[in-house]
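# Analysis of the macromolecular model
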Amino acid sequence: MGCEYSVHLDKSDEPVTLDILEKILCRLPGYHGKNITAGQVTLEFRGPDTLAALDGPPDVNVGTSGYRVTLCQFGDYNIAAHVLGVLVMELVSESRSERIEVVKP
């Protein structure tokens, strides 16, 4: 139903927290806030179509676990591309041995 992108950061850097991610991403178009599902907190991004159906999945959600930031795309590719681009510019450029991988469903 979508794609998952993971940014793996160098472990010599500080782990990425949700608060750090929110500071980086909160001003982007489509930012809709935090969501808690099954105990996991993510940041949601919604375009016009998913704003009209708040009971459905967002276009994009972003979460973190230690040295890994994961972006899940459920809808609008443009929102995913924008958020992923910002993550890469803000996080990867700061890290020495990072890698990005695409996980296909």
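The notes below deal with the structure included here. All residue numbers here refer to positions counted from 1 along the written sequence of the relevant chain. Reporting in this predicted model follows two pLDDT cut-offs: at least 70 for local features of residues, and 80 or more for side-chain atom pairs to be given and counted; totals over whole chains, interfaces and linings ignore these cut-offs and use all residues. Note: side-chain values were computed over all heavy atoms of the structure, leaving out hydrogens and water.

## Section: the packing of helix α1 (residues 18–25) against helix α3 (residues 77–91)
Axes here refer to lines fitted to C-alpha atoms; in helices the fit is confined to the stretch in contact. Angles between the N-to-C directions go from 0 to 180 degrees. The helix count covers DSSP runs of H or I at least four residues long, the strand count covers runs of E at least two residues long, and both are numbered beginning at the N terminus. Packing of α1 against α3 brings their axes to within 10 Å, and their N-to-C directions diverge by 115°. It follows from the interaxial angle that α1 and α3 lie roughly perpendicular. In this structure, α1 crosses over α3, and the sense of that crossing is right-handed. In contact with Leu21, Ile24 and Leu25 of α1, α3 contributes Val83, Val86, Leu87, Glu90 and Leu91. Oblique is the label for every angle not falling under 35 degrees (roughly parallel), over 145 degrees (roughly antiparallel), or within 65 to 115 degrees (roughly perpendicular). Each helix crossing is assigned a hand: it is left-handed if the near helix lies turned anticlockwise from the far helix by less than a right angle, otherwise right-handed if that turn is clockwise. Throughout, a contact is declared for two residues whenever any of their heavy atoms are within 4.5 Å.

## Brief notes about the nonpolar core
Judged by nonpolar contacts, the single largest core of 22 residues is most densely connected at Leu21, Leu25, Val62, Leu71, Val83 and Leu87. Ranked by the residues each element gives to this core, the list is headed by α3, at seven residues. We call a set of buried residues a nonpolar core when its members are Ala, Val, Leu, Ile, Met, Phe, Trp, Tyr or Cys and they connect through side-chain atoms within 4.5 Å of each other. Each residue gets one of three labels from its accessible area relative to the maximum for its type: buried under 20%, exposed over 50%, partly exposed in between, using a 1.4 Å probe on protein chains only.

## As for α3
In an α-helix there are 3.6 residues to a turn, and that puts residues three or four apart on one side. A helix is expected to reach a length of 1.5 Å times the quantity of its residues less one. Taking 1.5 Å per residue as the helical rise, α3 with its 15 residues ought to reach 21 Å, and the 21 Å between its terminal C-alpha atoms agrees with that figure. Where the residues of α3 are buried, they touch β1 (3–8), α1, β3 (40–45), β4 (60–65) and β5 (68–73). Distance and chemistry together define a polar contact, namely a pair of N or O atoms within 3.5 Å, with one atom able to donate a hydrogen and the other to accept it when in protein, and with adjacent residues in sequence counting only for side-chain atoms on both sides. Two or three places before Asn78, at the start of α3, stands the capping residue Asp76, its side-chain oxygen 2.7 Å from that residue's backbone nitrogen.

## Here's the deal with the pattern of salt bridges
When a carboxyl oxygen of Asp or Glu is within 4 Å of a side-chain nitrogen of Lys or Arg, the pair counts as a salt bridge. Scanning all chains against the criterion turns up four salt bridges. For Lys34, the salt bridge is made with Glu22, and the minimal N-O distance between the two is 3.5 Å. Taken together, the residues span a long stretch of sequence, with Lys34 in strand β2 (residues 31–37) and Glu22 in helix α1 at a distance of 12 residues. On the accessibility criterion, Lys34 (45% relative accessible area) is partly exposed. The partner of Glu44 in a salt bridge is Arg46, with the nearest N and O atoms 3.2 Å apart. In this structure, Glu44 and Arg46 share a single accessibility class: buried.

None of the figures reported here should be taken as evidence of function without further support.
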